[in-house]
Amino acid sequence: MASTTIKHKWQFTSRFRQGTFGWRSDLPIKRIKEAVSEIKAVRKTDSVLAAEGAVRFIERLSPAIEHVDSSSGSIGTAVNNAIETLAQIIGKAVVADSQRNAWLERIWQAVQNDGCCYLDAIDEYWPMMCHTAQVGSYWVDYFNELIVQFKTNSKDRYDYFTGESLWYASLFAAERFEELLSLSRSEPRPSWSLQRWCIYSLARLGRVDAAIDYARTQVSGISSDYLHSICEELLLKEGRRAEAYAHYALTGNHATSHLAKLRAIAKKYPEVAPEQILDDLVHNDPPQKGKWFAAAKSLGLYDKAIELVSQSPSDPATLIRAARDFADKQPEFAFRSGLAAMRWLFLGYGYEMTQWDLISALSLTQQIADANGYGREPIHQFLLALETEPRLKREWFDEVLKYSFR
């Protein structure tokens, strides 16, 4: 397929060559974000050029980061976020089918060359990048031929062909929904890549309840939270917002922190009060109540925040920061946050925190007490009440107890 060559000097190309990055993930993550920003900036004036840049970046991505440590998941997250954004740019570009097919051929080649599975998420966005049923049909025929060749040469019926997931995605793009459902019924062990498009096919056929039932009863080996996010998406598209919230919002939304999760759900469901969302989240995960301290604080629910952290642990560093930040504007909350920080430090919580952190928390809490006329007695009573705690760090406690009476 011939591709229209668009001449443009992309800054990211010199930064993404094979083996460019070493073991550490911080620099490549930064460079990925820079490249996506560069492409998004070009899109403002030329959407086709931006799409060409997106394809070029996808081609260069995996070879450049093949040596990067992926154990933390941070590089994988950066890649997936980039692919989602770039797929939208490619999908929305207005070009002839021949140009779009040329782009998709280059992306397919990049998938085949990807030895680290960084481009596995491409199939999720393939229908978007196909843009039309006609392009989807082209790729159905393309992969059909490859699959026939693969099965003819394969000795094991369970051998996996890299393009199989893209074949299913192409069938969906071509709107051949019944064919996908038929494939699922005929497969003794249908893959997730097939089952995903069966769920969406049922929804596109107007059978949303059947799609949700399929996700809940037919799929195995996939996180229930991820399946819940799909079910929520389908219900929201149908306008069944109350049902989506009641059954799937609390488990189907993920974020980097508890506070971010609350904000994400609140943004998606403006009709539900944030305070109610917080209560529902806490109720949904009772052993982790203290983890919602920052979320309650962000809503101005200071008594609620202290109540939560009194029932289960929270990060002492977060509590100390709250005590420091709110010492002037919410002194009682700050004082109680300081006490809570000391309690959980005494009981061994907090990553790489030392006795000095505990002394600092005590000093800060004493300053708040002095400035607001609380006196030192509440702190002394609090410390004495901890003496019976079985997990108490005794050596820390004895030192702090002496320091508190100075």
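Our structure is the block above this text.
What you see is a predicted model, and the numbers here were worked out from it, not measured in a lab.

Draft legend 1. Region of interest: the overall build of the chain. Secondary structure assignment for the chain yields 21 helices and zero strands. The buried share of the chain, reckoned over its 406 residues, is 45%. The long-range share in the chain, meaning contacts at least 24 apart out of those at least 6 apart in sequence, stands at 66%. Carbon and sulfur atoms make up 48% of the accessible area of the chain, which amounts to about 20,700 Å² in all. Distance between charge centroids for the chain: 4 Å, based on 48 positive and 51 negative side chains.

Draft legend 2. Structural detail: the packing of aromatic side chains. In this structure the tally under the stated criterion is 28 aromatic pairs. Ring plane angle 55° and centroid distance 5.4 Å describe the contact between Phe172 and Phe177, whose orientation is recorded as tilted. Neither Phe172 nor Phe177 differs from the other in exposure class; each is buried. Taking the centre distance of 5.3 Å and the plane angle of 85° together, the rings of Trp344 and Tyr349 count as edge-to-face. For Trp344, a relative accessible area of 5% puts it in the buried group. With a relative accessible area of 27%, Tyr349 lands in the partly exposed category. Cluster of aromatic residues (ring-pair linked, three or more members): Trp108, Trp126, Tyr138, Trp139, Tyr142, Phe143, Phe150 and Phe161. Directly above the ring of Trp344 sits Arg343, whose terminal nitrogen or CZ lies 4.4 Å from the centroid. Sitting over the ring of Trp396, Lys393 keeps its end group 4.0 Å from the ring centre.

Draft legend 3. Representation of the side chain of Ser314 within the structure. Within the secondary structure layout, Ser314 lies in the loop between α16 (302–311) and α17 (316–325). A polar contact of 3.2 Å, which involves the side chain of Ser314, links it to the backbone oxygen of Gly290.

Draft legend 4. Highlighting the pattern of salt bridges. Taken as a whole and judged by the stated rule, the model has 21 salt bridges. A salt bridge links Glu179 to Arg176, with the shortest nitrogen-to-oxygen separation between them at 2.9 Å. Relative accessible area serves as the criterion here: at 25%, Arg176 is assigned to the partly exposed category.

Draft legend 5. Representation of the packing of α17 against helix α18 (residues 331–346). Running from N to C, α17 and α18 cross one another at 155°; their axes reach a closest spacing of 8 Å. Comparing the axis directions of α17 and α18 gives the class roughly antiparallel. α17 and α18 meet at a crossing whose hand is left-handed. Between α17 and α18, the residues in contact are Pro316, Leu319, Ile320, Ala322 and Ala323 and Phe333, Ala334, Ser337, Gly338, Ala340, Ala341, Trp344 and Leu345, respectively.

Draft legend 6. Fine view of the layout of surface pockets. The space that makes up the largest pocket amounts to roughly 1,500 Å³. Around the largest pocket, the lining comprises 35 residues; the ones closest to its centre are Glu84, Glu124, Tyr125, Tyr226 and Glu233. Of all the secondary structure elements, the ones that give two or more residues to the lining of the largest pocket are α3 (74–92), α5 (122–130), α9 (192–204), α11 (224–237) and α13 (258–268). Sort the elements by how many residues they give to the lining of the largest pocket and α11 lands first, with eight residues. Of the residues assigned to the lining of the largest pocket, the class counts are 14 nonpolar, ten polar and eleven charged.

Draft legend 7. Representation of the packing of α3 against α5 in the model. In contact at an axis separation of 8 Å, α3 and α5 are set at 20° when each is read in the N-to-C sense. In terms of axis orientation, α3 runs roughly parallel to α5. Regarding α3 and α5, the two cross each other, and that crossing is right-handed. Residues Ile83, Glu84, Ala87, Gln88, Ile90 and Gly91 of α3 touch α5, and the partners they reach there are Ile122, Tyr125, Met128 and Met129. The residue makeup of the contact of α3 with α5, split by class, is seven nonpolar, two polar and one charged.

Definitions and limits used
- Residues numbered from 1 in each chain as written.
- Predicted model: local features only at pLDDT ≥ 70, side-chain atom pairs only at ≥ 80, totals over all residues.
- Heavy atoms only, no water.
- Helix = DSSP H or I, 4+ residues; strand = E, 2+ residues; numbered from the N terminus.
- Buried < 20%, exposed > 50% of the residue type's maximum accessible area, 1.4 Å probe, protein only.
- Contact = heavy atoms within 4.5 Å.
- Areas by Shrake-Rupley, 256 points an atom, 1.4 Å probe, with all protein chains shown as cover.
- Lys, Arg positive; Asp, Glu negative; His and termini not counted.
- Charge placed at Lys NZ, Arg CZ, Asp CG, Glu CD.
- Phe/Tyr/Trp six-rings, centres within 6.5 Å; stacked < 30°, edge-to-face > 60°.
- Lys NZ or Arg CZ within 6 Å of the ring centre and 35° of its normal.
- Polar contact = N/O pair within 3.5 Å; in protein donor to acceptor, adjacent residues only side chain to side chain.
- Salt bridge = Lys/Arg side-chain N within 4 Å of Asp/Glu carboxyl O.
- Axes fitted to C-alpha atoms, helices over the stretch in contact; angles between N-to-C directions.
- Parallel < 35°, antiparallel > 145°, perpendicular 65-115°, else oblique.
- Left-handed = near helix turned anticlockwise from the far one by under 90°.
- 1 Å grid on protein atoms, 1.4 Å probe; cavity = no way out; pocket = protein on both sides within 12 Å on 5 of 7 lines; lining within 4 Å.
- Points joined across faces, edges and corners; volume = space filled by probe spheres on them.
- Nonpolar A, V, L, I, M, F, W, Y, C, P; charged D, E, K, R; others polar.

These values are about where atoms sit, not about what they do.
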